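Given next are the chains, with one letter for each unit.
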Amino acid sequence: MLAAFVTQTSADDPLSALQVGERPAPEPPQGWVRVRVEAASLNHHDLWSLRGVGLPDERLPMTLGCDGAGVDEEGRDVLVHAVVTSPGWSGDDTLDPRRSLLSERHDGTLAAEVVVPARNVVPRPPEVSAAHAACLPTAWLTAYRMLLVQSGAAPGSTVLVQGAGGGVSTALVALARATGYRVWVTSRSEEKRQQALALGAHAAFASGERLPQQVDAVMETVGEATWAHSLRALRPGGTVVVSGATSGPAPGADLQRLFFRGLRVVGSTMGTREELVRLLDLLVATGVRPVVDRELPLGRAAEGFAAMAAGELFGKVVLRP
Ligand SMILES: NC(=O)c1ccc[n+]([C@@H]2O[C@H](COP(=O)([O-])OP(=O)(O)OC[C@H]3O[C@@H](n4cnc5c(N)ncnc54)[C@H](OP(=O)(O)O)[C@@H]3O)[C@@H](O)[C@H]2O)c1
């Protein structure tokens, strides 16, 4: 079957590590099921995988991709929950110390077929297209949990989203607007600031720009490049929720500001299957849908990866096997 995969990672030149070609169709182990993929989406996670982050040599070759929607063996329209918990785990999926995401230990979704544990299959409501459903399991679920579970900020609060164009950032802006927050956004690009305003942001600022007032919560996925600004942007007692560090993982902690102003730093990763189901319900109830920057056949996956690596995207790349 056609797949986008990696046989040798490259920390310095991740795009050179991407292969698109034939791989054997995966066989479902006991308790797993096969899904024929209609649409998949790219995440920054796939670029990290090409660099070898979270993907040691002994697990290669590996089919990439966390997110997919398609048809299961019974002919039902489904999407796949990307968090694979360890056998016997019964708590919050994201807190299982042995959990993995699809494409970390088990072949991923950038392929004609994927196999997943039976519980990871989620029915797709007819109101949500396969392409939109394929954007949800990583970027949108992460955004849902950051804003609506972890931030502690009630609707009506002012929330700052660092970065405008990313998969998680566009999801945060759209979800925050739809659920009653005042949403501010930063971006390095004037064009993306305008796109964020069109998506529903109440105000957009250049990265690092001084804000007119402090905010109740900051949604942080950029890391080093924006961290100091995130802490300065918070009102006393405010919360920064962090789920990524695209620009680098080692910012100065500014501990004095943290303790003196009583700030909260909350780490967040992906979400649970139950939260994914609620996210789908939220999309159906509000009409909100993911922003798709471009849709490509899987055979042209390299174009999508290159655009993501160059920071050119506003929203998600959907791939069709
Ligand atoms: N923990 C989790 O469960 C989880 C889940 C999903 C994603 N993540 C992580 O979150 C990050 C974002 O993922 P994604 O898929 O949304 O990636 P993406 O689509 O490639 O988006 C990257 C974002 O980072 C911003 N950005 C990058 N470099 C920047 C810089 N130097 N200064 C300011 N902004 C910068 C971009 O904003 P502008 O171009 O608008 O400036 C854009 O919003 C990744 O590191 C990913 O690994 C973690």
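Now for a quick tour of the structure. (Residues numbered from 1 in each chain as written. Predicted model: local features only at pLDDT ≥ 70, side-chain atom pairs only at ≥ 80, totals over all residues. Heavy atoms only, no water.)

### Observations regarding the overall build of the protein
Then, number 1: If you tally the helices and strands in the protein, you get nine helices and 18 strands.
Then, number 2: Against the globule reference of 20 Å for 321 residues, the protein gives a C-alpha radius of gyration of 19 Å, in line with a compact fold.
Then, number 3: Over its C-alpha atoms, taken along the principal directions, the protein stretches across nearly 55 × 45 × 40 Å.
Then, number 4: For the protein, buried positions account for 54% of its 321 residues.
Then, number 5: Across the protein, the fraction of contacts at a sequence separation of at least 24, relative to all contacts at a separation of at least 6, is 70%.
Then, number 6: With an accessible surface of roughly 13,200 Å², the protein has 50% of that area assigned to carbon and sulfur atoms.
Then, number 7: One way to put it: in the protein the 30 positive side-chain charges average out to a point 7 Å from where the 34 negative ones average out. (Helix = DSSP H or I, 4+ residues; strand = E, 2+ residues; numbered from the N terminus. Rg over C-alpha atoms; globule rule 2.2 N^0.38 Å. Buried < 20%, exposed > 50% of the residue type's maximum accessible area, 1.4 Å probe, protein only. Contact = heavy atoms within 4.5 Å. Areas by Shrake-Rupley, 256 points an atom, 1.4 Å probe, with all protein chains shown as cover. Lys, Arg positive; Asp, Glu negative; His and termini not counted. Charge placed at Lys NZ, Arg CZ, Asp CG, Glu CD.)

### Points about the site of the ligand
Then, number 1: The environment of the ligand is formed by 28 residues, the closest being His44, Ser187, Arg188, Lys192 and Ser243.
Then, number 2: Trp48 has a polar side-chain atom sitting 2.8 Å from an oxygen atom of the ligand.
Then, number 3: In isolation the ligand exposes 920 Å². Once the protein is present, 88% of that is buried.
Then, number 4: For the shell around the ligand, the secondary structure elements donating two or more residues are helix H1 (44-51), helix H3 (136-150) and helix H4 (167-178).
Then, number 5: Its residues placed into classes, the shell around the ligand shows eight nonpolar, 18 polar and two charged.
Then, number 6: Three or more residues apiece are contributed to the shell around the ligand by two domains, here domain 1 (2-135 + 291-320) and domain 2 (139-267). (Near = heavy atom within 4 Å. Polar contact = N/O pair within 3.5 Å; in protein donor to acceptor, adjacent residues only side chain to side chain. Nonpolar A, V, L, I, M, F, W, Y, C, P; charged D, E, K, R; others polar. Domains from an automatic or database assignment.)

### What to know about the side chain of His229
Then, number 1: Among the structural elements, His229 can be located in helix H6 (residues 224-233).
Then, number 2: Not counting residues up to four positions away in its chain, the partners in contact with His229 are Leu160, Gln162, Thr186, Gly208, Glu209 and Leu211.

### Side note on the environment of Gly304
Then, number 1: Here Gly304 shows up in helix H9 (residues 301-309).
Then, number 2: Sequence separation between Gly304 and Arg76 is 228 residues, and the spatial gap between their C-alpha atoms is 28 Å.
Then, number 3: Contacts of Gly304, omitting those with residues within four sequence positions, involve Leu42, Leu296 and Val317.

### Remarks on the sheet that holds strand S1 (residues 2-6)
The strands that make up a sheet pair up through hydrogen bonds in the backbone, lying either parallel or antiparallel.
Then, number 1: Strand order in the open sheet formed by three strands is S2-S1-S4, with antiparallel pairing between adjacent strands. A single partner strand is all that each edge strand has here, and the edge strands are strand S2 (19-22) and strand S4 (62-63). (Pairing = 2+ DSSP bridges.)

### A short note on the packing of H3 against H4
Then, number 1: Taken N-terminus to C-terminus, the directions of H3 and H4 make an angle of 50°; their axes are 8 Å apart at the nearest point. As far as their axial angle goes, H4 and H3 are oblique. The two elements H3 and H4 meet at a crossing, and its hand is right-handed. Along its contact with H3, which presents Ala139, Trp140, Thr142, Ala143, Tyr144, Met146 and Leu147, the element H4 presents Gly167, Val168, Ala171, Leu172, Ala174, Leu175 and Ala176.
Then, number 2: Of the residues in the contact of H3 with H4, the class split is 12 nonpolar, two polar and no charged. (Axes fitted to C-alpha atoms, helices over the stretch in contact; angles between N-to-C directions. Parallel < 35°, antiparallel > 145°, perpendicular 65-115°, else oblique. Left-handed = near helix turned anticlockwise from the far one by under 90°.)

### Some details on the packing of aromatic side chains
Then, number 1: Summed over the entire model, instances satisfying the criterion amount to one aromatic pair.
Then, number 2: A centroid spacing of 5.5 Å and a plane angle of 65° characterise the contact between Trp184 and Phe205, whose relative ring orientation is edge-to-face. Here the residue Trp184 occupies a position in strand S12 (residues 182-187), and Phe205 occupies one in strand S13 (residues 203-206), the gap between them amounting to 21 residues.
Then, number 3: Residue classification places Phe205 among the buried residues on the basis of a relative accessible area of 9%. (Phe/Tyr/Trp six-rings, centres within 6.5 Å; stacked < 30°, edge-to-face > 60°.)

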